[in-house]
Every structure is written in C-alpha cells, then in structure tokens.
Amino acid sequence: MKILIDMDDVIADTLEYTITCLNEAGVFVDRNKLLGRYLEDILPKKEIDIMHDVTSAEFFFRNIPIKKDCYEVLRKINEKHDIRIVSCAFVFPQSMNSKFYWMKQNLDFIDARQIIFCGSKSDIMGDLLIDDLAENLRGFNGEKLLFSAPHNVNIKEFHRLDSWRDVEKVLL
C-alpha cells in the first residue's frame, strides 16, 4: 500500500512550535479560540504580520519538534508499507531546504526519494493520505484519514486519527 503522510501538524508539531515562537515575540495566543479556526482567523493584522515573519525565518522549520510517538510508529509503517512524506512546500518556497533538513534529522530511516514537495496534494497518487487539512483530503482520490488538529475539530466527514498511536492501530 502506498501511503502519503503530510508533514506539518501530522509529523511535525508545527502549530505548537509556531505558538511558542509567537509567545517569544510577544504575541500570546488563546488556544481556546483556535478550535475550528486557524491562527490567521484569531490574530489581528499586526500579529499576523509577526507570525509571517516568524514562520518565514530561514531556520524556522528546522527547529519544529516531532509529534509524540511519531518516530517509532512511522518507522514501523515504513518497514511494512510504501510511504511518502508529502508537503506543500511550494506554498512557502523558502521552507524547502529547512523541511528537507528537518526530515533527514528527525526521520533518519526515510530516504530522500520518499519525500515529495508539491503545490497540491491532489496531483500525488497513492492509496491513502493522512493529513490535517480537510481540503487536501477532499482533493485526494484514495482513502482519507484526518489527523486531529485544533483547526479541524468540527470536520466530521473523514475517519479521524487523534494520535500516532491511532495511526499505528489503523495501519499496523
């Protein structure tokens, strides 16, 4: 089975790291307001500009922590299935080198040929996609699994995975 797995907020804990960086920049995020929404929806324009500066920094993506249990579970899945790590890095082209470096540092068992940077995941072929963004799942032709994140709590149309242990139960 060819399994496509999103990087940001599925493998990498991007939202939590972004919030940490915003806090360090003096922008405090009310996590309760994030339920069903994105940071851009709850921050004033000035703070959105700060967020864009923070996330556009050259090494931002290199420092994001990996999600709990991800390394162990993903390693097992990689032994059993044909996996690809897929990221819409073309949306943030300055992030590609840092994302590639991050994957090599945090997922040492993933070969470079298993990493796909794209503009749209709907163009990538596979049997299954795990993603936190419903719009990416809607455009995919295979089986779809929604990885839980604050912004997708209200999405009901996909099978939901709340953790990497849930991923393990479904795929192993």
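Residues numbered from 1 in each chain as written. Predicted model: local features only at pLDDT ≥ 70, side-chain atom pairs only at ≥ 80, totals over all residues. Heavy atoms only, no water.

Colleague: For unusual backbone geometry, give the residues involved together with the corresponding values.
Modeller: A positive phi angle, close to 70°, is found at Asp9, a residue other than glycine. Among the structural elements, Asp9 can be located in the loop between strand S1 (2–6) and helix H1 (14–24). Judged by relative accessible area, which is 13%, Asp9 ranks as buried. Even without glycine at this site, Asp69 takes up a positive phi of about 70°. (Helix = DSSP H or I, 4+ residues; strand = E, 2+ residues; numbered from the N terminus. Buried < 20%, exposed > 50% of the residue type's maximum accessible area, 1.4 Å probe, protein only.)

Colleague: Run through the pairing of strand S4 (residues 128–131), naming residues and quoting values.
Modeller: Looking down a regular strand, the side chains alternate between one sheet face and the other. Side chains Leu128 and Ile130 of S4 all project onto a buried face; the interleaved residues Leu129 and Asp131 project onto the opposite face, where all are buried too. By the bridge criterion, 3 bridges tie S1 to S4 in an arrangement that is parallel. Paired with Ile3 across the strands is Leu128, a residue of S4. As paired strands, S4 and strand S5 (residues 143–147) are joined by 4 bridges and run parallel to one another. Within S5, the residue paired with Asp131 across the bridge is Leu146. (Pairing = 2+ DSSP bridges.)

Colleague: Could you give me a rundown of the packing of aromatic side chains, with the residues and numbers involved?
Modeller: Inspection of every chain in the model, using the stated rule, returns 4 aromatic pairs. For the ring pair Phe60 and Phe61, a centre distance of 5.0 Å and an interplane angle of 85° mean the geometry is edge-to-face. Per residue, the accessibility class of Phe60 equals that of Phe61, and both read buried. Ring centres of Phe147 and Trp164 lie 6.0 Å apart, and the angle between their planes is 45°; this geometry places the pair in the tilted category. A residue pair is termed long-range when its members are at least 10 positions apart, and Phe147 in strand S5 and Trp164 in helix H7 (residues 164–171) qualify at 17 residues. Exposure remark for Trp164: the relative accessible area of 1% places this residue in the buried category. The structure contains a cluster of three or more aromatic residues connected by ring pairs, namely Tyr17, Phe60 and Phe61. The aromatic ring of Tyr101 is capped on one face by Arg62, whose charged end is 4.2 Å from the ring centroid. (Phe/Tyr/Trp six-rings, centres within 6.5 Å; stacked < 30°, edge-to-face > 60°. Lys NZ or Arg CZ within 6 Å of the ring centre and 35° of its normal.)

Colleague: How would you sum up the state of the cysteines? Please name residues and give values.
Modeller: Enumeration over the complete set of coordinates arrives at 0 disulfides. Cys70 provides the cysteine sulfur closest to Cys21, a residue in no disulfide bond, and the two sulfurs are 19 Å apart. Free cysteine: Cys118, not disulfide-bonded; nearest cysteine sulfur from Cys88 at 4.0 Å. (Disulfide = S-S within 2.5 Å.)

Colleague: Now, about the environment of Phe60: what can you tell me, with residues and values included?
Modeller: Relative to the helices and strands, Phe60 is located in the loop between helix H3 (45–56) and helix H4 (70–80). Take Phe60: its relative accessible area is 4%, and that puts it in the buried class. Phe60 sits 39 residues away from Cys21 along the chain, and the two C-alpha atoms are 9.1 Å apart.

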